[in-house]
Amino acid sequence: MASSVSSQHDQVLVEEKSFARILTFNRPKQLNALSFQMISRLLELFLAYEDDPNVKLVILKGKGRSFCAGGDVAAVVHDIRAGGWKAGANFFMKEFTLNYLMATYSKPQVSILNGIVMGGGNGASMHGRFRVATENSLFAMPETALGLFPDVGASYFLSRLPGFFGEYLGLTGGRLDGVEMLACGLATHFVPSAKLPMLEAALCAVDSSDPATISSIIGKYSERPSLKEQSVYNRLDVIDRCFSQKTVEEILSALEREAVDRRDGWISTTIQTLKKASPTSLKISLRSIRVGRLQGVGPCLVREYRMVSHVMRGEFSKDFFEGCRAILLDKDKKPKWEPSKLELITDTTVDSYFSKVKDEDWEDLKLPARSKFNLPPYVIAKL
Amino acid sequence: MDRAFQRTKILNNHLLQSSPSSPIQSPPLSSNACLNYSPPELSEFFAFDVEEMRRIIDWHHMELRDHLFGMISRSKLFNPRVRGGKVFVSPDFNQPMEQQREITSKRIDYLFERGVFKGWLTEEGEEVELRKFASFEALAIFDHSLGIMLAVHFFLWGGAVQVFGTKQHHEKWLKDTETNVVKGCFAMTELGHGSNVRGVETVATYDSNTGEFVINTPCESAQKFWIGGATNHATHAIVLSQLNINGTNQGVHAFIVQIRDANGKVCPNIRTADNGRKIGLNGVDNGRIWFDNVRVPRENLLNSVADVSPDGKYLSSIKDPDQRFAAFLAPLTIGRVSIATSAVYLSKVGLTIAIRYALTRRAFSLKPNEPEVLLLDYPSHQRRLLPLLAKTYAMSFASKYLKMLYVKRTPQSYKTIHVFSSSFKATFTWNNLHILQECREACGGQGLSSENHVGQMKAEYDVQSTFEGDNNILMQQVSKALLAEYVAAKKRKKAFKGLGLEHMNEPSPVIPSQLTSTTLHSSQFQMDALCLRERDLLNRLAVEVSRHQAKGLSKEHAFNMSYQLAEDLSRAFTDRAIFQTFAEAEATLAAGPLKDVVGMLRSLYGLICLEDAAFLRYGYLSVDNGALVRREITKTCGEIRPHALALVSSFGIPDAFLSPIAFDWIDAHAWGSVQH
């Protein structure tokens, strides 16, 4: 059956099982990094499924040890070198459009996060109705280390996590395991990987789009394991005290004050991580999460598209290219950020990332019309 | 079949539980499909950039406001509740008074811990003053009690220490106030004296033997009354009291008196009592204080205006007792400015909720089997809400003017600030109550539910028309000030200067007997008409007052007898002043869709001002022109209707601070949301 709709070489494998469609990211060597081709294909499939009454449920998973490690940023940098910044912006335009479609999808999406889920991988899963974590899940939004910022709608989903946990994850790129993902709400369920085949089979027998029905099916295979004692999620009070501060500088000094009060490896690691990240990235990321907290998912993506266009254009900082060089290409892990210090980045510079790009050919992200679909309440609440 | 009959039949069917298809020959009434909530975001079109609009009307500290909103939405202390898949924060007004007070204190502690008030009293300059206004506006959207507790602490107590006090007081109290070590209140009003502060009966007598003031409540009417923070919260009070030096009364002065220790125990010779449950604002512990010959050191006299030497000599740089008294009321000005500006934000909340609801709620079909009509597509509903939207935009621009006037104040601008802050405080707070009431009714039964805010906010904000100056008295002061300007200008044969009265120096504008639609909408015409009314009413008031005086009445008595003209004049002044800020804001915008919409709003605001009865009462507009104004209002409402969602979205009120009926109200009321 599967072979009738896709071939082994396709980057996205498609299986049709009764009313369910299983889409599998198929670039295991690249940890399923999202290529432009994959994004286009997903967009095409999601659009077609929405109009198809024979599709009631979409399942997303990844081949190998990764669900999806993010957007294929190395390819984006390559495209920009070849075709200018707009080639890069174009990638994100397509990706964010897909994110919006997933966030406002009229049918439930179940993402099985049995492995690495980072950056763009979160964009392809967190907006969907169900996110199933396993003992193999590894979550991160590591963009600030790369000179980028948490995009793909992260300013929407990170900002809605408990307290100021979203600021913590977005600024430090902190990693979570599956249990932590469940605890903070990034995952809706935790299913041990051994039970995934059974879960998949059960989901393929569903003939309904009713979220309560699907939730109870996943619930049958779910567990609620407890957090490790050292889990970062047990440090929510410190995180709230520090990451609620108004500016990145104040967050850092709050952390430093905490470090004085007690010896704690986690605090010093957190401080070190923040000091290693791109200062520009930190500032625009914090602002983005803060603004995103008060916006619907559509305006979040429109704003992030403005921001990412500015980043690609490199008008105020070229940290993204430097980050990709240091982390992905040369792998010396020693990026030279410019501006190099937080205090060198003014509010006006930060503001400019949120403005329209002054370029004749550039336009704001146009979100696909959703009014003709009968959107479920959990989608309406996100608008 | 006529509609009445059809309706009767539907009702009959409802009552008898019969099927709609009756034996009577009639068009079949199909049963309606279930209503779906259709989010207005997906159908309404934004013709202009709402963020840009917000930048224009909020204009300062937007990031700070958003930060505060975010901080509130992140903590359980702010009572987050999920309705219709969204989280809403709101005080729980159903809690008993004691719990409301307790949680308000905890919220204040939370904000202190997060450093929200850093620099509020220890920094100086325009930036920190605007920062305070922005914070106050943002916090007031969540809860008035929270805002008032902070306003009492920072603006009244802290402001009094800053303004009445000198260096020694600043050093001793400001830092501790900013860090909440000292919790202040402001004991001015008494049971027997509210607006008439000069009549307070509390007495402070200087005892030169000990170098202390003895503060006493000599009679029951002298008990301090309505003092925010007095019942539980405050540790210290600014006490306004008559100063008695060797038997001579030197008038009202301000003293610092500790009323509680750090553990909350009331100090010796102080008695406090609760003012009890109020119609709103129950998170504030308004209370009463009696002083039983409480002794405070000489240094506790706030001595920027007047001092008493150790041996008991009264020293003041201001000889005129009237001026001295005026100086004492200065801290109330910041209170008025912040009350006025925060009232506008409540109107924004009310209108956002009512307009969003009107864009999703339908009622009655024009023809059988047609979908029901959206509330906001009824011209009558537009007429109810959209002029209020224009008024709220007008108040936003006027707020900006008022705040700038305040932060750029000089000793010379005191009178101007007093007049504008009085006029805008009274008018904005009255407007706000009216707007909230209309919004409440426009939401129908939903408006009555306390979780939907609008109705509850009326009770919470009602007090704004009374505190920091009774609105009617403030408006009288506006007319008095205008009259004084008039008398002075005539007496000295000098041109009018200040308070926007320069138009009085020009020839009187003439209103054409036959107005056209174009003229009516023009900014210049609208301004002329408003100036004409102000000018004429000022002339009339001067004539009437002098007529009374000629009959032998005192100046005060003559003014009191002319109260109707005084009321009309103060409104004329206020409308003109607000309109002027609106027209000037419009003029500075670059051509484009945003300016077009602002122009429509300005025009609508001008038109509703022209609907004031004074225009017909005094004959500034003919009856025909009055009718034309009315038609143009309806037309303009129709033109603004497509922008309604964008215009309320530009207010920048986060979803969490609105209410369930502003969003998916069907899901919010689904069976699944009921606590089983």
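Cut-offs applied
Residues numbered from 1 in each chain as written. Chains lettered and ligands numbered in written order. Predicted model: local features only at pLDDT ≥ 70, side-chain atom pairs only at ≥ 80, totals over all residues. Heavy atoms only, no water. Buried < 20%, exposed > 50% of the residue type's maximum accessible area, 1.4 Å probe, protein only. Helix = DSSP H or I, 4+ residues; strand = E, 2+ residues; numbered from the N terminus. UniProt positions renumbered as here; feature names shortened; annotations may be inferred. Salt bridge = Lys/Arg side-chain N within 4 Å of Asp/Glu carboxyl O. Phe/Tyr/Trp six-rings, centres within 6.5 Å; stacked < 30°, edge-to-face > 60°. Lys NZ or Arg CZ within 6 Å of the ring centre and 35° of its normal. Contact = heavy atoms within 4.5 Å. Pairing = 2+ DSSP bridges. Axes fitted to C-alpha atoms, helices over the stretch in contact; angles between N-to-C directions. Buried area = accessible area lost by both parts, 1.4 Å probe. Polar contact = N/O pair within 3.5 Å; in protein donor to acceptor, adjacent residues only side chain to side chain. Nonpolar A, V, L, I, M, F, W, Y, C, P; charged D, E, K, R; others polar.

1. Quick notes on helix 7 (residues 165-172) of chain A
So, step 1. The element helix 7 of chain A is extensively covered by neighbouring structure, given that eight of its eight residues are classed as buried.
So, step 2. Taken together, the buried positions of helix 7 of chain A are Phe165(A), Gly166(A), Glu167(A), Tyr168(A), Leu169(A), Gly170(A), Leu171(A) and Thr172(A).

2. A look at the UniProt feature "domain: Acyl-CoA oxidase C-alpha1" (unreviewed entry) in chain B
So, step 1. Residues given the UniProt feature "domain: Acyl-CoA oxidase C-alpha1" (unreviewed entry) here are residues 332-483 of chain B.
So, step 2. Helix makes up 70% of residues 332-483 of chain B and strand makes up 3%, while its end C-alpha atoms are separated by 23 Å.

3. Structural notes on the pattern of salt bridges
So, step 1. One pass over the structure, following the stated rule, counts 63 salt bridges over all chains.
So, step 2. With a closest N to O distance of 3.0 Å, Lys61(A) and Glu200(A) form a salt bridge. Residue Lys61(A) is located in strand 3 (residues 57-62), and its partner Glu200(A) is located in helix 9 (residues 196-204); the two are separated by 139 residues in the primary sequence. You'll find Lys61(A) and Glu200(A) in the same group, each marked buried.
So, step 3. The salt bridge involving Arg101(B) is made with Asp274(B); its shortest N-O contact spans 2.9 Å. Here Asp274(B) lies in strand 9 (residues 270-274) and Arg101(B) lies in helix 5 (residues 97-113), a separation of 173 residues in the sequence.
So, step 4. The exposure class assigned to Asp274(B) is partly exposed, which follows from its relative accessible area of 26%.
So, step 5. Salt bridges sharing common partners tie together Arg533(B), Asp568(B), Arg571(B), Asp575(B), Asp612(B) and Arg617(B).

4. A closer look at the UniProt feature "domain: Enoyl-CoA hydratase/isomerase" (unreviewed entry) in chain A
So, step 1. In the numbering used here, UniProt assigns the feature "domain: Enoyl-CoA hydratase/isomerase" (unreviewed entry) to residues 21-354 of chain A.
So, step 2. Summarising residues 21-354 of chain A: 51% helix, 10% strand, and an end-to-end C-alpha distance of 38 Å.

5. Re the packing of aromatic side chains
So, step 1. Inspection of every chain in the model, using the stated rule, returns 40 aromatic pairs over all chains.
So, step 2. For the ring pair Tyr401(B) and Phe420(B), a centre distance of 5.2 Å and an interplane angle of 65 degrees mean the geometry is edge-to-face. Note that Tyr401(B) is positioned in helix 11 (residues 379-407) and Phe420(B) in helix 12 (residues 414-442), a separation of 19 residues in sequence.
So, step 3. In this structure an aromatic cluster arises from ring pairing among Phe36(A), Phe91(A), Phe92(A), Phe96(A), Tyr305(A) and Trp362(A).
So, step 4. Its end group placed over the ring of Phe354(A), Arg287(A) keeps NZ or CZ at 5.4 Å from the ring centre.
So, step 5. In this structure, Arg409(B) packs its charged tip against the face of Tyr406(B), placed 4.2 Å from the ring centre.

6. Observations regarding the UniProt feature "domain: Acyl-CoA oxidase/dehydrogenase middle" (unreviewed entry) in chain B
So, step 1. Within the UniProt annotation, "domain: Acyl-CoA oxidase/dehydrogenase middle" (unreviewed entry) is assigned to residues 185-294 of chain B.
So, step 2. Overall, residues 185-294 of chain B shows 0% helix and 45% strand. The separation of its end C-alpha atoms is 17 Å.

7. Observations regarding the environment of Val182(B)
Residue and element names in this part refer to chain B.
So, step 1. On the secondary structure map, valine 182 appears in the loop between helix 8 (167-178) and strand 3 (184-187).
So, step 2. The exposure class assigned to valine 182 is buried, which follows from its relative accessible area of 5%.
So, step 3. Each C-alpha atom of the pair valine 182 and alanine 237 lies 9.9 Å from the other, and the pair is 55 residues apart in sequence.
So, step 4. Here valine 182 is in contact with His153, Trp157, Trp173, Asp176, Thr177, Thr235 and His236, once residues within four sequence places are set aside.

8. Focus on the sheet that holds strand 10 (residues 287-291) of chain B
All names here are of chain B.
So, step 1. Pairing is antiparallel across the open sheet formed by three strands, whose spatial order is 6-10-9. Where the open sheet ends on each side, the last strands, each with one partner, are strand 6 (224-227) and strand 9. Sheet twist, expressed as the mean angle between neighbouring strand axes with direction ignored, is 25 degrees.
So, step 2. Relative to strand 10, strand 6 runs antiparallel, the two being bridged by two bridges. Paired with lysine 224 across the strands is isoleucine 289, a residue of strand 10.

9. Focus on the pairing of strand 7 (residues 236-245) of chain B
Residues and elements named next belong to chain B.
So, step 1. When you tally the buried positions in strand 7, you get nine out of 10 residues, the bulk of the element.
So, step 2. Summarising the sheet, strand 3 and strand 7 pair through four bridges and their orientation is parallel. Paired with glycine 184 across the two strands is histidine 236, which belongs to strand 7.
So, step 3. Pairing of strand 4 (residues 203-207) with strand 7 involves three bridges; the strand directions are parallel. Considered in strand 7, the bridge of valine 203 is made with glutamine 242.
So, step 4. Bridging between strand 7 and strand 8 (residues 248-258) involves nine bridges; their strand directions are antiparallel. What sits directly across from asparagine 244, in strand 8, is asparagine 249.
So, step 5. Linking strand 7 to strand 8, which pair antiparallel, is a turn of two residues; within it asparagine 246 sits at a positive phi near 50 degrees.

10. Describing the interface of chain A and chain B
So, step 1. Every contact between the two is made by 27 residues of chain A and, on the other side, 25 residues of chain B.
So, step 2. At the boundary of chain A with chain B, total buried surface from both sides reaches about 2,100 Å², with 55% on carbon and sulfur atoms.
So, step 3. Across the chain A-chain B interface, the total number found is two salt bridges.
So, step 4. In this structure, Lys118(B) and Glu250(A) form a salt bridge, with 3.6 Å as the shortest nitrogen-oxygen distance.
So, step 5. The interface formed by chain A and chain B holds nine residue pairs in polar contact (both at pLDDT 80 or more) in total.
So, step 6. Residues of the side of chain A that touches chain B, tallied by class, amount to 10 nonpolar, seven polar and 10 charged.

11. Let's talk about the pairing of strand 11 (residues 294-297) of chain B
All names here are of chain B.
So, step 1. Taking every second residue as pointing to the same face, the buried face of strand 11 carries Val294 and Val296, while none of Arg295 and Pro297 on the other face is buried.
So, step 2. Summarising the sheet, strand 5 (residues 212-216) and strand 11 pair through four bridges and their orientation is antiparallel. Looking at strand 11, one finds that phenylalanine 213 is bridged to valine 296.

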